[in-house]
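Descriptive analysis of the structure
Listed here are the chains, written in short residue letters.
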Amino acid sequence: MYTLAELAKTIQTVLGATADQLAKTTGFIKRQRQLTGAKLVRALTPGFLPKPAATLEELTPSGVLNEVEISPQGLDKRFTEEAATFSFNSLIGSSLNDDTNLTGIFITVKPM
């Protein structure tokens, strides 16, 4: 089990600096733009968590909340092989330490 403080710190790390670094490492971000790795993950997570098969139209409003104004067509253009690798690594494959990753936290802490 995780404490609320541990959960907050882990999520901030994964959805912040870790996401930005992975975006560069995987080739998703080649140069600094308005859309960063952290912004993409923070924009898509609220859309995909409750509805894994969300449409582009359903995903783009959550981006506005995270300072990413993007159309469904613009988001579609960014769904590349590098984006898929980045997304997988940031949400599933990225270990924060020896035994903690974001997937384990979301499985442990279920919304009511």
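Right above here is the structure, for reference.
In this text the structure is predicted, and so the values were computed from the model without any measurement.

**Remarks on the pattern of salt bridges**
The final tally for this structure, using the stated rule, is one salt bridge. Residues glutamate 58 and lysine 51 are paired through a salt bridge, measuring 2.7 Å at the closest nitrogen-oxygen approach. According to the relative accessible area criterion, glutamate 58 is partly exposed, its value standing at 37%. Note on lysine 51: relative accessible area 40%, which makes it partly exposed.

**Quick word on the environment of glycine 37**
Along the polypeptide, glycine 37 turns up in helix H3 (residues 37-48). Residue classification places glycine 37 among the buried positions, given a relative accessible area of 2%. Put simply, glycine 37 and leucine 22 are 15 residues apart on the chain and 7.4 Å apart in space, counted from C-alpha to C-alpha. Non-local contacts of glycine 37, meaning those with residues more than four positions away in its chain, are made with Ala19, Asp20, Ala23, Ile29 and Phe86.

**Looking at the side chain of threonine 36**
For threonine 36, the location among the structural elements is in the loop between helix H2 (17-25) and H3. Relative accessible area serves as the criterion here: at 12%, threonine 36 is assigned to the buried category. From its side chain, threonine 36 meets the backbone nitrogen of lysine 39 in a polar contact 3.1 Å long. With residues up to four places along the chain from it excluded, the contact list for threonine 36 reads Asp20 and Ile29.

Rules used in this analysis
Residues numbered from 1 in each chain as written. Predicted model: local features only at pLDDT ≥ 70, side-chain atom pairs only at ≥ 80, totals over all residues. Heavy atoms only, no water. Salt bridge = Lys/Arg side-chain N within 4 Å of Asp/Glu carboxyl O. Buried < 20%, exposed > 50% of the residue type's maximum accessible area, 1.4 Å probe, protein only. Helix = DSSP H or I, 4+ residues; strand = E, 2+ residues; numbered from the N terminus. Contact = heavy atoms within 4.5 Å. Polar contact = N/O pair within 3.5 Å; in protein donor to acceptor, adjacent residues only side chain to side chain.

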